[in-house]
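# Structure assessment
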Amino acid sequence: MTAVEARGVALAPEATDDDVRAIPLRRPWRWISAAVVLLLAAGFAYSVLTNPNIDFAAIGQFLVDPRIIDGVWLTLLITLVAMVVSTVLAVVIAAMRLSSNPVLSSVAWFYVWAFRGTPLLVQIVLWGYLGLLYEKLSIGIPFTDIVFWQADTNLLITAMVAGILALTLNQAAYSSEIVRAGMISVDEGQREAAYSLGMSPLYTFRRVLLPQAMRVIIPPMGNETISMLKNTSLLSVIAVLEIYTQATVISSQNLKQVELLIVASIWYLLMTSILSVPQYYLERRFGRGSSRNLPPTPFQRLRQAFASRRPGPAPAPETKAVSAV
Amino acid sequence: MSTITTTRTAQDAAVDARPLVEIRRVRKSFGAHQVLRDVSLAVPEGTVTVLLGPSGSGKSTLLRCINHLESIDGGRIIVDGELIGYRQAGHDIHEMTPKQIARQRREIGMVFQRFNLFPHMTALENIVEAPVGIAGMPRAKARAKATELLDRVGLADFAGHYPAQLSGGQQQRVAIARALAMGPKLMLFDEPTSALDPELVGDVLDVMRELANDGMTMIVVTHEIGFARGVADQVVFMDGGVVVEAGRPEDVIDRPQRQRTRDFLESVR
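It should be emphasised that the depicted structure is a prediction, and the values quoted were computed from it without experimental measurement. (Residues numbered from 1 in each chain as written. Chains lettered and ligands numbered in written order. Predicted model: local features only at pLDDT ≥ 70, side-chain atom pairs only at ≥ 80, totals over all residues. Heavy atoms only, no water.)

Looking now at the layout of surface pockets. Sizing a probe to match a water molecule and rolling it over the atoms shows the empty space that remains. Residues and elements named next belong to chain A. If you add up the space inside the largest pocket, you get close to 580 Å³. Along its surface, the largest pocket is lined by 20 residues, and Met83, Thr87, Met221, Thr225 and Leu282 are the ones closest to its centre. Those elements giving two or more residues to the lining of the largest pocket turn out to be helix 4 (66-98), helix 11 (201-231) and helix 13 (257-286). Sorting elements by how many residues they give to the lining of the largest pocket places helix 11 first, with 8 residues. Of the residues in the lining of the largest pocket, the class split is 15 nonpolar, 5 polar and no charged. (1 Å grid on protein atoms, 1.4 Å probe; cavity = no way out; pocket = protein on both sides within 12 Å on 5 of 7 lines; lining within 4 Å. Points joined across faces, edges and corners; volume = space filled by probe spheres on them. Helix = DSSP H or I, 4+ residues; strand = E, 2+ residues; numbered from the N terminus. Nonpolar A, V, L, I, M, F, W, Y, C, P; charged D, E, K, R; others polar.)

Here it is, written out as structure tokens:
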């Protein structure tokens, strides 16, 4: 501080005419546009809140209805199972696609082409009708009589299983492309360095390539997880009792369609919001080494905010003026 | 022709040391392009061999064949009495499985032009990874050894830094420490200073010089003529996939016999 003052004094005699204030441009349109948008938003909120056709008490009541809660759990369960299984499948498909074996890479390409090229809704209904295609399902060696295990299709493939199957197989096609992009993003020199240290191909994949690919894979997989959670609502066409189906079942009885859609929407928003938390921490974990300094976690940010608000004199900011004098 | 020249120099240098690396009539093509044509070379234990030559001369490829990062089309590479990447069966040699090759590579350290440190691991973790994960060394022991190696390359204070937080010269010295952590009997350097800012080259060369003084067997691809003159026991000049000239540095660098060698040395100077 003293150094700055000393410098000001030293320069003062010849600098009087140059001692002017710089005034930033005034931007009135910022205020006007903000006011217009706020007014429109307030108008919309008012029209909804005062709408006599919406039964707010019913929304509050059905938000915690046991059937809705059951639907929420089922939605989460389906999302979890479909995401985990599809990710494992996706790694296999991506590995096949990257393989130098032309048969494996063609089959992987065909899989992605077929499952990405047809609507999810169609796939769900198709899996629901599996019993029409095959009366019995068995595991054995094709074109021989060797069968290890067999079951009746309609007993095995319930609506729930068909739904999970459809979501999983469809998701695997998308996820495999994400995994493949992640693997391609890792520099070839990494593999060479790992090999030169005596690492086996599998060890190299697990400890060197995959952790680096994860940095590219995690953000889009977060998106996919949120899409998956919402896409579970499509299972209503084969009567899986997830939250949207539950909501429509209830509203078909009490005719409060809008209220129950709002209830379902609130739950969807809540679940997708919670899902973005683990994504943030996963990104942070796999971002190690990619940037020079990791961004603070929300908790660290909170702590910093409180620390800076603590009473007492703030330390004077560093100034380079000292060395300039 | 080239074979005769090398055999003579190898024997010259190997008066009291057996060859640790023997390269015999190695051939290698990428598609129709023949990169190595009958290359033969002997590197005695405890000596430094510098490979010189214009880009595309096959010197980097030869280096990468020695730890089987590249397969060969014919000939033999023998390190410490062991055929690298292949096993002999009758007249032919058959490529090994990746697992067997990985075991052989533990004995051969390699340093790359672009460092190739693992960016998601700190300097210390980079060094510790292979000894712990591959060689089964206890973690505490591996960490102690890694700290010692970091100290040796002058980076004792940087154990917790990620590669992105280090300069090129520092990264390359960590890479050298990482390769040394497996206790190799041979070190390969593939243009270790080519990607560095000029003022950072010296630190890396110093570390390599010390390593040579400690008796490490080294094969170095480089354009640093000063390093070759000061440190190498043997200088090998390659061009067009053959060894043009090989011998003591004072002979090859100061009194080159071949016109191609003279032209090349003229161009780097």
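Right, picking up where we left off after that structure.
What follows deals with unusual backbone geometry. All names here are of chain B. Even without being a glycine, Phe115 presents a positive backbone phi close to 65°. With respect to the helices and strands, Phe115 occurs in the loop between strand 8 (108-111) and helix 4 (123-133). Given the relative accessible area of 7%, Phe115 is considered buried. Within the chain, Glu191 stands out as a residue other than glycine whose phi angle is a positive 45°. By the secondary structure assignment, Glu191 is in the loop between strand 9 (186-190) and helix 7 (198-213). Look at Glu191 and you get buried, because its relative accessible area is 13%. (Buried < 20%, exposed > 50% of the residue type's maximum accessible area, 1.4 Å probe, protein only.)

With that out of the way, let us pick up the interface of chain B and chain A. Taken together, the contact between chain B and chain A spans 26 residues of the former and 21 residues of the latter. Interface area for chain B against chain A, summed over the two sides, is near 2,200 Å², with a carbon-plus-sulfur share of 58%. One can count 2 salt bridges joining chain B with chain A. The residue Arg64 of chain B makes a salt bridge to Glu192 of chain A at a minimum N-O spacing of 2.8 Å. (Contact = heavy atoms within 4.5 Å. Buried area = accessible area lost by both parts, 1.4 Å probe. Salt bridge = Lys/Arg side-chain N within 4 Å of Asp/Glu carboxyl O.)

With that out of the way, let us pick up empty space enclosed by the protein. By the definition in use, this model includes 2 cavities of 30 Å³ or more. The calculated volume of the largest cavity comes to roughly 70 Å³. Considering the residues around the largest cavity, the lining is formed by Leu149, Arg152, Val153, Leu180, Val207, Glu210, Leu211 and Asp214 of chain B. At 3 residues, the largest contribution of residues to the lining of the largest cavity is made by helix 7 of chain B. Looking at the lining of the largest cavity, its residues break down into 5 nonpolar, no polar and 3 charged. Approximately 30 Å³ is the volume attributed to the second largest cavity. In terms of lining, the second largest cavity is formed by Ser196 and Leu197 of chain A together with Arg105, Arg106, Ile108, Gly109, Met110, Ala179 and Met182 of chain B. No other element matches strand 8 of chain B, which puts 3 residues into the lining of the second largest cavity.

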